[in-house]
Amino acid sequence: MWLKPDEILLKNAFKLWVTEEDNKYFVLQRRRGYGEGGGGLTGLLVGTLDTVLDSTSKVAPYRILHHTPDSQVYWSIACGVTKEEIVQHWDWLQQTIMRTLSVFDSSEDITSFVQGKIRGLIAEEGKTSLVLEEDPEKFREALLRFEKWFELPPKEKLVTYYSCSYWKGKVPCQGWLYLSTNFMCFYSYLLGAEVKLIISWDEIWRLEKTSNVILTESIHVLVHGEDHYFSMLMHLNETFVIMEQLADYSIKRLFDKEAFQREPALSDPLQITKRGLEAHAKSEQFRTFFRLPKEENLLEVHESFLWVPFSHFNTLGKICLSESYLCFASQDGSQCHVIIPMREVINVEKPDSGNRALTVCVRGKRALRFSEVRDYQRLANSIRSRCGISASPQHSASSQDVTLMVGQKDSSKAVSTEALMTVFHPQDVENLDPKMLKEKMKEQSWNIHFSEYGRGTSMFFTRKTRDLIVRGVPEALRGELWMLFSGAVNDMATHPGYYSDLVEQSLGTSTLATDEIERDLHRSLPEHPAFQSDTGISALRRVLTAYAYRNPKIGYCQAMNILTSVLLLYAKEEEAFWLLVAVCERMLPDYFNRRIIGALVDQAVFEDLIREHLPQLVENMTDLSFFSSVSLSWFLTLFISVLPIESAVNVVDCFFYDGIKAILQLGLAVLDYNMGALISCHDDAEAVTILNKFFDSVTNKDSPLPSTVQQASVGSNDKTSHLNVDISELIREAYEKYGNIRSEEIESSRKRNKLHVIQTLEDTTKQNVIRVVTQEVRFSASHLDGLYNLFKRQHFLCCYWTMKSPALLHHDPSLAYLEQYQLGFQQFSVLFSLLEPWAFCNVKSAVSLWVFRLIDENQDGLVNFKEFCYALDTLYSGSFTNKLKFLFKLHLPPECTFIQHQGQDPNTDLYVKLTGRGKVDLQAYLKQWQNEILKKEETIKDLPRINQTQFIQFSKTLYNIFHGDPEEESLYRAVAHVTSLLLRMEEVGRRLQEPSSPSESTKPAAADEEEPSTEETATTPESSDTSSSRNSQDAGTDLTEIEWSFSFEQVLASLLNEPTVVRFFERPVDVQTKLGQARVSQLKT
């Protein structure tokens, strides 16, 4: 490998390098301790030094130096892993460069020429693969070490690497941590002790930063119950972020397909870089904080001051610029931030060079003044260009006009344009009872807030905004504020007419989702008048059906109907749709899918917060899983299902402003309020009763809703059990006690717990599969566990380096456990060749295809774990008869097709096609289970006869199985003897059944005369094939038109008379050894 010319001092290197060849301008050297005479104490010391110092010499112990006669300075220009590689570089220098150097007059010119030539070669090599790396030269050297040490497939993409210590027991090993797209690897070499670690990201259960007495700060990785600690990292936070991103990327791509959406930085596993991952992490944090659509990416960040008109001072913060938004967040503790859509910007005034300021003018006669912006000119140009790009005829009107235009378009298609609450509970202006007066006072407070902080998309968000939220949002403003806080207002403004088109397209569709929606329509807030009429039910049906049509990966999930019902009460129909989009796709990611992963993750986060903030409860209730089961409905429905509707909407207010943080805070406050009762309860049922009674006692004393709309408390008759608790007081208490919980900590905890939740679900799947399979095979549970891990990894191996692998496309977590991981022919042939006991089935052989077809019972081009284990169990532990029957059936149609005679590759899709699967067909599953129950045991008499061509191939397969065995000679003779015997039996049978002429009757005798010599010479597969074909020819030329055939009983009876063959097939197989060998070889195939 050519290296960037690097100056070295040769006099200090004499003890570490040995010169092999040299000339006037170049020196070829070998690292001491490698090659001839290597090893010993010198080799140990040099190897340790190379590893610790991250020297390329560890994997490339040969190098070429350039020098000139009148200079003491040497330049390293090439290195090599083997002598052959370095000699090629040496010969090229001799033949190409040496002749040219003679024309130069000065040493400086010679060195400059050589350096330029080498740099040109490096640039040519790295044009495609290393363009995106920060330091291509160092990265090339690191990549060389990575490939040499870990021997992973060439497609594996190295992302970055770090020096660190790995704690193996109580002893740290200093070495290097390599992070690639699919693996985390560590290598250390100290005084002859080599430590090599390869962990795939999809195996990790927990990834977190920890500290203890010995390790001040380290990264903890939990894999299959084993703890790994990495410390002494110079950039620990940076390393952890990259590891977190890679683990999360692997989880999303391989397990959690329902929520995975391709993003530019992660679109191709072969092009992922450290820079791309860091940018992706920042963009994700940016979108989460400002509630922006997933299409937005953080492009520019500028530190600046923003003039805050309501406080009359400049606040320090950062300007964040994306494709369509200009955002600002303060950093001085004022908790002030503002979001400005580019469509709202009408002008950027000429920058003031004196204090590096610029003014951004937005619609509604408002302006924001940023000062002390270091690169203010560039920022001004960026905003101008993006406003020009995003401007469109619709955006020339005000945001209110846009909403009106959208509403008008929807109304023409029978879409409701009014919130259901305004239809079924219009406010009485003349009613001046105390509750309505308080409601008016709330509205007045918000109007004052709007006049100071702005209204609409460019409103300032401050502490005062949160204070108003905690006190309660007025009924009249609830829909508008939900749209604003969730970011749904931006989605709707940038997609005019989208919802009405969806409604039209989804109208009349019939899917599993629409069936479930119809079933749940009348279960959604049935006590509310709005959903006792066709108006509310129809609106709910349209929103849910349109969303299922928009996002078929989620479709419809229970609890979506309850949430959407509440949204429709306070928002127009189209607004309710976009609020649902914001909740399902941004604010509660992965909640509404078949495995409710997001809710399970937040339950784990909730448990962590209970341990941290409610230690007294933890001490008395060691099993916190109870709170997980109880709180599931809290998270899925935002407390709507457990609180009266008039109280639950106040919780929803806080949720749209603070996200999941508000739900977690309220959950802690509920447990804290009932701490004494929960500690004294005797079982889970009593604890559930306590919480239910508490929720029934929660009221909203300020709610202006009439009694016909409010829910009656279930425990209202039991006045002594609980005093009424006002929801506003409960929310205020939650913010006072737990408001210091930071959103960043919650997001970090979410990522940490997501790994554990996913792996727990995967482990449950594995245990269920093993429980089903163990009833039909003789493998032990530990062996099935190892087989499952190999099978699952083989499924993933074809997914690691491509986004369009058949296995990845057909992985559906909603399928039955056995169907979740399946192998196509390519993956099956690789794994089967590693595990089958006789090495007769290589990866590209036709026999692999026959085995695949035989065990693929439903002929869908995919093999599940049960089918795979059943085949291996037969070959490992089956009786002699069953093993022979398996091999016999391989050579019967349709499994056996002689594609090699047609010049075709058995791997082509012409012979193995993946039919794939659409929606889950429950009827098909029921029919399949019924057939399995009624299926009777196959007997040897049920097998068809094997014809001449198939029997010859069967004999060849037996020869392949016996090849390399210590008794190979005896086994070949046995097969040849059985072949001859079967041919004679077939001929005798044919002669008895058919009359023959005198001339024909002499021919079998000729065949009999040839038989002894046939048996004597049949000691190889080739000679046996020849003898078999000769026997078949000598049997009589009159039989060419009618082929002979054998039954399985004949073949079995003949082979049972050969003790050598019977001994071979009854020889036990060491399953554990086979699994260990396959584990080591699986990544290298």
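Cut-offs and rules
- Throughout, a residue's number is its position along its own chain's written sequence, starting from 1.
- Given that this is a predicted model, residues contribute local features only at a pLDDT of at least 70 and side-chain atom pairs are listed and counted only at 80 or more, while totals for whole chains, interfaces and linings are drawn from all residues.
- As a convention, hydrogens and water are excluded, and side-chain values are obtained from all of the structure's heavy atoms.
- UniProt positions are given in the numbering used here, feature names are shortened, and annotations may be inferred rather than shown by experiment.
- Only DSSP runs of H or I covering at least 4 residues are called helices, and only runs of E covering at least 2 are called strands; the numbering of each starts at the N terminus.
- The cut-offs for exposure are 20% and 50% of the maximum accessible area for each residue type, with area from a 1.4 Å probe on protein chains only; residues under the lower value are buried, those over the upper are exposed, and the others partly exposed.
- Residue contacts are counted whenever heavy atoms from the two residues lie within 4.5 Å of one another.
- Values of accessible area rely on a 1.4 Å probe in the Shrake-Rupley scheme; residue burial ignores everything except the protein chains shown.
- Only centres within 6.5 Å qualify two rings of Phe, Tyr or Trp (six-membered ring in Trp) as a pair; their planes then separate them into stacked at under 30 degrees, edge-to-face at over 60, and tilted for everything else.
- The axes are straight lines fitted to the C-alpha atoms, using for helices just the contacting stretch, and the angles between their N-to-C directions are given from 0 to 180°.
- Should an angle fall under 35 degrees it is taken as roughly parallel, and over 145 as roughly antiparallel, whereas 65 to 115 is taken as roughly perpendicular and any remaining angle as oblique.
- Polarity classes work like this: nonpolar for Ala, Val, Leu, Ile, Met, Phe, Trp, Tyr, Cys and Pro, charged for Asp, Glu, Lys and Arg, and polar for all others, with Gly in that last group.
- When DSSP finds two or more bridges between two strands, those strands count as paired.
- Helix span, as expected, comes to 1.5 Å for every residue beyond the first.
- Sulfur atoms of two cysteines make up a disulfide when they are within 2.5 Å.
- Definition used for salt bridges: Asp or Glu carboxyl oxygen within 4 Å of a side-chain nitrogen of Lys or Arg.
- Only buried residues count toward a nonpolar core. Its members are Ala, Val, Leu, Ile, Met, Phe, Trp, Tyr and Cys residues joined through side-chain atoms within 4.5 Å.
- For every residue, the pLDDT score states the predictor's confidence, bounded by 0 at the bottom and 100 at the top.
- The convention is simple: Lys and Arg are positive, Asp and Glu are negative, and His and the chain ends are not counted.
- Residues adjacent in sequence count toward polar contacts only when both atoms are side-chain atoms; beyond that, a polar contact is any pair of N or O atoms within 3.5 Å, and within protein one must be able to donate a hydrogen and the other to accept it.

- Looking up the protein chain in an unreviewed UniProt entry gives the name TBC1 domain family member 8B, with the organism given as Cyclopterus lumpus.
- Within the UniProt record for the protein chain, the comment given under Function (unreviewed entry) is "Involved in vesicular recycling, probably as a RAB11B GTPase-activating protein."
- Recorded under Subcellular location (unreviewed entry), the UniProt text for the protein chain is reproduced unchanged: "Cytoplasm, Cytosol".

### What to know about the overall build of the protein chain
So, step 1. In terms of regular secondary structure, the protein chain is built from 41 helices and 26 strands.
So, step 2. Sorting the 1085 residues of the protein chain into buried and exposed places 54% on the buried side.
So, step 3. Relative to all contacts within the protein chain whose residues are 6 or more apart in sequence, the contacts with residues 24 or more apart total 68%.
So, step 4. When the accessible surface of the protein chain is totalled, it reaches about 48800 Å², and 52% of it is carbon and sulfur.

### Some words on the packing of aromatic side chains
So, step 1. For the structure shown, the criterion picks out 59 aromatic pairs.
So, step 2. For the ring pair Trp-838 and Phe-1065, a centre distance of 5.2 Å and an interplane angle of 90° mean the geometry is edge-to-face. Residue Trp-838 is located in the loop between α30 (825-835) and α31 (846-855), and its partner Phe-1065 is located in helix α40 (residues 1059-1065); the two are separated by 227 residues in the primary sequence. Per residue, the accessibility class of Trp-838 equals that of Phe-1065, and both read buried.

### Regarding unusual backbone geometry
If a residue is not glycine, its phi is most likely negative; likewise, a peptide bond is most likely trans.
So, step 1. In this structure, Arg-291 is a non-glycine residue whose phi angle is positive, near 55°.
So, step 2. Inspection of the secondary structure assignment puts Arg-291 in the loop between α6 (274-290) and β13 (300-308).
So, step 3. Residue classification places Arg-291 among the buried residues on the basis of a relative accessible area of 15%.
So, step 4. The backbone of Ile-596 sits at a positive phi, close to 40°, despite the residue not being glycine.
So, step 5. One can find Ile-596 in the loop between α18 (573-587) and α19 (597-613).
So, step 6. In this structure Ile-596 comes out as buried when scored by relative accessible area, which is 18%.

### What to know about the packing of helix α17 (residues 560-570) against helix α22 (residues 645-658)
Packed helices, taken two at a time, are described by the angle between their axes plus the distance between the axes.
So, step 1. Orientation of α17 relative to α22, taken along the N-to-C sense of each, is 90°, at an axis distance of 11 Å. Between α17 and α22, the angle is such that the two are roughly perpendicular. Where α17 approaches α22, its residues Val-566, Leu-567, Leu-569 and Tyr-570 are matched on the opposing element by Ile-645, Val-649 and Phe-656.
So, step 2. Each residue belonging to the contact of α17 with α22 can be placed in one class, and the counts come to 7 nonpolar, no polar and no charged.

### Brief notes about the sheet that holds strand β19 (residues 366-371)
So, step 1. Strand order in this open sheet of 8 strands is β17-β18-β19-β13-β14-β15-β16-β20, and the pairing throughout is antiparallel. Each edge of the open sheet carries a strand with a single partner, namely β17 (345-348) and β20 (460-461).
So, step 2. In this structure, strand β18 (residues 358-362) lies alongside β19, joined through 5 bridges in antiparallel fashion. The partner of Val-360 across the bridge, within β19, is Leu-368.
So, step 3. Against the sheet, α6 makes contact with β14 (313-321), β15 (325-330) and β16 (337-341), and its axis sits at roughly 80° relative to β15, the strand it touches most.

### Quick word on helix α5 (residues 236-254)
So, step 1. Taking 1.5 Å as the rise per residue, α5 with 19 residues should run 27 Å; its terminal C-alpha atoms sit 27 Å apart, in good agreement.
So, step 2. Counting buried positions along α5 gives 16 out of 19 residues, so the element sits mostly inside the fold.

### Overview of the state of the cysteines
So, step 1. Per the counting criterion, the structure on display carries 0 disulfides.
So, step 2. Of the cysteine sulfurs around Cys-557, a residue in no disulfide, the closest is that of Cys-584, at 8.6 Å.

### With respect to the pattern of salt bridges
So, step 1. With the rule as written, the count across this model stands at 44 salt bridges.
So, step 2. As a salt-bridge pair, Glu-573 and Arg-542 come within 2.8 Å of each other at their nearest N and O atoms. Pair noted here: Glu-573 is in helix α18 and Arg-542 is in helix α16 (residues 534-550), with a separation of 31 residues, a long-range link.
So, step 3. One connected set of salt bridges, linked through shared partners, spans Glu-208, Glu-607, Asp-608, Arg-611 and Arg-752.

### A closer look at the sheet that holds strand β6 (residues 158-168)
So, step 1. Taken together, the 7 strands give an open sheet; going across it, the order is β9-β8-β7-β6-β12-β11-β10, and neighbouring strands pair in antiparallel fashion. This sheet does not close on itself; its edge strands, each paired only once, are β9 (193-200) and β10 (204-210). Between one strand and the next, the sheet's axes are offset by a mean angle of 30°, whatever the strand orientation.
So, step 2. Pairing analysis gives 6 bridges linking β10 to strand β11 (residues 218-223), with the strands arranged antiparallel. If you follow Glu-208 over to β11, its bridge partner there is His-220.

### Re the pairing of β11
So, step 1. For β11, a buried count of 6 out of 6 residues is recorded, marking the element as mostly surrounded by other parts of the structure.
So, step 2. Pairing geometry for β11 and strand β12 (residues 226-231), over 6 bridges, is antiparallel. Of the residues in β12, the one forming a bridge with Val-223 is Glu-226.
So, step 3. In this structure, the hairpin formed by β11 and β12 is closed by a connection of 2 residues, where His-224 is found at a positive phi of approximately 50°.

### Digging into the nonpolar core
So, step 1. Ile-383 and Phe-592 are the most contacted members of the largest nonpolar core, which has 143 residues in total.
So, step 2. If we ignore the near neighbours within four places in the chain, the residues touching Ile-383 are Leu-321, Leu-326, Met-342, Val-345, Val-348, Leu-358 and Val-360.

### Considerations on helix α33 (residues 880-890)
So, step 1. Most of α33 is tucked away: 8 of the 11 residues are buried.
So, step 2. Within the span of α33, buried status applies to Phe-880, Lys-883, Leu-884, Lys-885, Phe-886, Leu-887, Phe-888 and Leu-890.

### A look at the side chain of Ser-458
So, step 1. Note on placement: Ser-458 falls in the loop between α10 (434-453) and β20.
So, step 2. The contacts of Ser-458, once residues within four sequence positions are left out, are Val-338, Ile-339, Ile-340, Val-362 and Arg-366.

### So, the confidence of the model for the protein chain
So, step 1. Here the protein chain averages 79 in pLDDT, and 78% of its residues register 70 or above.
So, step 2. Low pLDDT, under 50, characterises residues 128-132; the stretch is placed with 7 contacts to residues that sit more than four places away or in other chains.
So, step 3. Confidence drops under a pLDDT of 50 for residues 898-920, and excluding neighbours within four residues, the segment shows 51 contacts in the predicted structure.

### Points about the side chain of Glu-439
So, step 1. Inspection of the secondary structure puts Glu-439 in helix α10.
So, step 2. For the buried Glu-439, which has no salt bridge, the nearest side chain bearing the opposite charge is Lys-442, at an N-O separation of 4.5 Å.
So, step 3. Reaching out from Glu-439, the side chain makes a polar contact with the backbone nitrogen of Glu-475 at a distance of 2.5 Å.
So, step 4. Not counting residues up to four positions away in its chain, the partners in contact with Glu-439 are Pro-474, Glu-475, Ala-476, Asp-702 and Pro-704.

### Thoughts on the environment of Gly-472
So, step 1. Within the element layout of this structure, Gly-472 appears in the loop between α11 (463-471) and α12 (478-486).
So, step 2. Separated by 231 residues in sequence, Gly-472 and Ser-703 place their C-alpha atoms 9.5 Å apart.

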